[in-house]
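So the chains spell out like this:
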Amino acid sequence: MNMKHVFRMSAAASVLALGAGLAQAQEPVKACLITKTDINPFFVKMKEGASAKAQELGVELMTFAGKIDGDHETQQQAMESCIAAGVKGIMITASDTKAIVDSVKQAQDNGVLVIALDTPLDPIDAADATFATDNYEAGRLIGAWAKGKMGDAAADAKIAFLDLSERGASVDVLRDQGFMEGFGIDVKDKAQIGDEDDARIVGHEVTSGNEEGGRQAMEALMQKDPAINLVYTINEPAAAGAYEALKSFGKEGDALIVSIDGGCPGVQNVQEGIIGATSQQYPLKMASMGIEAIAAFAKDGTKPEASEGLDFTNTGVNLVTDQPVDGVSSISVQDGLDQCWG
């Protein structure tokens, strides 16, 4: 083989290597969004925010969702699919915040940035970052508002708690316990639902975060005590179901309903008097910030930082009502409609 032939082969190899390097450099950053369901308007808006920001930044986004709120197994399978696809980042709203941690660790061991959206993992530092509403504060706001709204009658309230699931996901616990603190109930162990001994609590039922679950849960608690006059709900679909149950008992005018989310149907229910007040959160912002963080991580390894004084990035919360009470910050229903989703 003469030197001229060797040079040509070397040059060709260099061109091939350069071409491969350019192709690799041009490959889009891949990311995953895994939500609890694809039905709840909250997660629909989250997906919308992630998709829009991914398109803007040239990120290739894959999306997955559980069949129902609480479907851990499907989320675990989605984690495995994302890792196998070679993504640089995964955003997840975990149904089981403890059980998913092993899958999160597996992703991180493969160089994947894992961001918890809305629902902190247990422990919270199992994720590389958490972009979320301050769910405890969201609960505290509606609890404090309900207490102020009821006035002296709060001392003899009959309270129904419509929670999320038996799994006790962190978002479920935080909202529930925040409401209790705001209303003036001794929370006992803040990490546990149902250990309180306040006589005003009629009981806890789970809803799976949907309207039918809210209706069934409310019916069960009304059978226990038809004098219920205050209803805490994990989210607005559950609140809508609770209202329908109260209506079937002819009690829709006797109970104050409070909730959390801030979706357009929920804020409209506040406007119509079905819900007294709701705490509004901002899922589009959570998801778009998550995509930005994944793009930054893919570029130079930068990881997002938590908000000052917190162990997560606070994406904001506002109480929405047209019946403000002293000492509880709130925005009007019109302001809530201007910022709602779904």
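Remember, it's a predicted structure, so these values are computed and weren't measured experimentally. (Residues numbered from 1 in each chain as written. Predicted model: local features only at pLDDT ≥ 70, side-chain atom pairs only at ≥ 80, totals over all residues. Heavy atoms only, no water.)

Enquirer: When you look at the packing of helix H2 (residues 41-57) against helix H10 (residues 283-300) in this model, what are you seeing that I'm missing?
Expert: Between H2 and H10, the shortest axis-to-axis distance is 7 Å and the interhelical angle comes to 35 degrees. The crossing of H2 and H10 is right-handed. Of the residues in H10, those touching H2 at Phe-42, Lys-45, Met-46, Glu-48, Gly-49, Ala-50, Lys-53, Ala-54 and Leu-57 are Pro-283, Leu-284, Met-286, Ala-287, Ser-288, Ile-291, Glu-292 and Ala-295. Here the residues of the contact of H2 with H10 are counted per class, giving 11 nonpolar, two polar and four charged. (Axes fitted to C-alpha atoms, helices over the stretch in contact; angles between N-to-C directions. Helix = DSSP H or I, 4+ residues; strand = E, 2+ residues; numbered from the N terminus. Left-handed = near helix turned anticlockwise from the far one by under 90°. Contact = heavy atoms within 4.5 Å. Nonpolar A, V, L, I, M, F, W, Y, C, P; charged D, E, K, R; others polar.)

Enquirer: Can you walk me through the packing of helix H5 (residues 135-150) against helix H6 (residues 170-183) in this structure?
Expert: Each pair of packed helices can be summarised by the angle the axes make with each other and by the distance between the axes. At a minimum axis separation of 6 Å, H5 and H6 run at an interaxial angle of 30 degrees. Of the two possible hands of crossing, H5 and H6 adopt the one that is right-handed. For the pair formed by H5 and H6, the contact residues are Asn-135, Tyr-136, Gly-139, Arg-140, Ile-142, Gly-143, Ala-144, Ala-146, Lys-147 and Met-150 on the first element and Val-171, Leu-174, Arg-175, Gln-177, Gly-178, Phe-179, Glu-181, Gly-182 and Phe-183 on the second. A class-by-class count of the residues in the contact of H5 with H6 yields nine nonpolar, six polar and four charged.

Enquirer: Where do I start with the pairing of strand S6 (residues 159-163) in this structure?
Expert: The side chains of a regular strand alternate, first on one face of the sheet and then on the other. Here S6 lies mainly inside the structure; five of its five residues are buried. By the alternation rule, side chains of S6 split into Ile-159, Phe-161 and Asp-163 and Ala-160 and Leu-162, which are all buried. Bridge analysis of S6 against strand S7 (residues 201-206) gives five bridges, and the strand direction is parallel. Bridge pairing in S7 links Ile-159 to Ile-201. Following the backbone out of S6, through H6 and into the adjacent parallel S7, one traces a crossover that is right-handed. Here four bridges tie S6 to strand S8 (residues 230-233), and the two strands are oriented parallel to one another. Paired with Leu-162 across the strands is Thr-233, a residue of S8. (Buried < 20%, exposed > 50% of the residue type's maximum accessible area, 1.4 Å probe, protein only. Pairing = 2+ DSSP bridges. Right-handed = clockwise from strand over helix to strand, strands pointing away.)

Enquirer: Any chance you could explain the pattern of salt bridges here in plain terms?
Expert: Here the idea is simple: oppositely charged side chains can pair when their charged atoms come close. One pass over the full model with this rule turns up 17 salt bridges. A salt bridge links Lys-158 to Asp-225; the shortest N-O distance between them is 3.6 Å. Of this pair, Lys-158 sits in the loop between H5 and S6 while Asp-225 sits in the loop between helix H7 (211-224) and S8, and the two are 67 residues apart along the sequence. For Arg-215, the salt bridge goes to Glu-212, with nearest N and O atoms at 2.3 Å. One end of the pair, Arg-215, and the other, Glu-212, are both in helix H7, three residues apart, so they sit about a helical turn from each other. When its relative accessible area of 39% is taken as the criterion, Glu-212 is described as partly exposed. (Salt bridge = Lys/Arg side-chain N within 4 Å of Asp/Glu carboxyl O.)

Enquirer: I would appreciate a short explanation of the side chain of Lys-53 in the present structure.
Expert: Relative to the assigned elements, Lys-53 resides in helix H2. Given the relative accessible area of 14%, Lys-53 is considered buried.

Enquirer: Would you mind going over the nonpolar core with me for this structure?
Expert: One recurring pattern in soluble globular proteins is that nonpolar side chains are buried together. Trp-145, Ala-146, Ile-159, Phe-161, Phe-179, Phe-183 and Leu-230 are the most contacted members of the largest nonpolar core, which has 33 residues in total. Sorting the residues of this core by element identifies H5, S6, H6, S8 and strand S9 (256-261) as the ones contributing at least two each. For this core, the element with the most residues is H5, which contributes eight residues. Discounting chain neighbours no more than four positions away, the residues touching Phe-183 are Gly-143, Ala-144, Ala-146, Lys-147, Met-150, Ala-154, Ala-157, Ile-159, Arg-200 and Leu-230. If you look at the next biggest cluster of nonpolar residues, it comprises 25 residues, including Ala-217, Leu-246, Cys-264 and Ile-331. (Core = buried A, V, L, I, M, F, W, Y, C linked by side-chain atoms within 4.5 Å.)

Enquirer: What exactly am I supposed to notice about the sheet that holds strand S5 (residues 129-132) here?
Expert: Adjacent strands of a sheet pair through backbone hydrogen bonds, lying either parallel or antiparallel. Strand order in the open sheet formed by six strands is S2-S1-S3-S4-S5-S11, and the pairing between neighbours is parallel. The sheet is open, and its two borders are formed by strand S2 (60-65) and strand S11 (313-314), each paired with just one other strand. One ladder, built from six bridges, connects strand S1 (residues 30-35) with S2; its direction is parallel. Bridging across to S2, Lys-30 finds its partner in Glu-60. In this fold H10 packs onto S1, S2, strand S3 (89-92), strand S4 (113-117), S5 and S11, with an angle of close to 170 degrees to the strand it touches most, S4.

Enquirer: Even after reading the chapter, I still don't get the state of the cysteines, so can you show me in this structure?
Expert: Within the structure shown, the criterion is met by two disulfides. The disulfide partner of Cys-32 is Cys-82, and the gap between their sulfur atoms is 2.1 Å. What sets the handedness of the Cys-32 and Cys-82 disulfide is the S-S torsion sign, and at about -105 degrees it is left-handed. One end of the pair, Cys-32, is in strand S1; the other, Cys-82, is in helix H3 (residues 72-84), with 50 residues separating them in the sequence. The side chain of Cys-264 participates in a disulfide bridge whose partner is Cys-340; the two sulfur atoms lie 2.0 Å from each other. The S-S bond linking Cys-264 to Cys-340 shows a torsion near 90 degrees; that makes this disulfide right-handed. With a gap of 76 residues between them, Cys-264 in helix H9 (residues 264-271) and Cys-340 in the segment after helix H11 (333-339) connect regions that are remote in the sequence. (Disulfide = S-S within 2.5 Å.)

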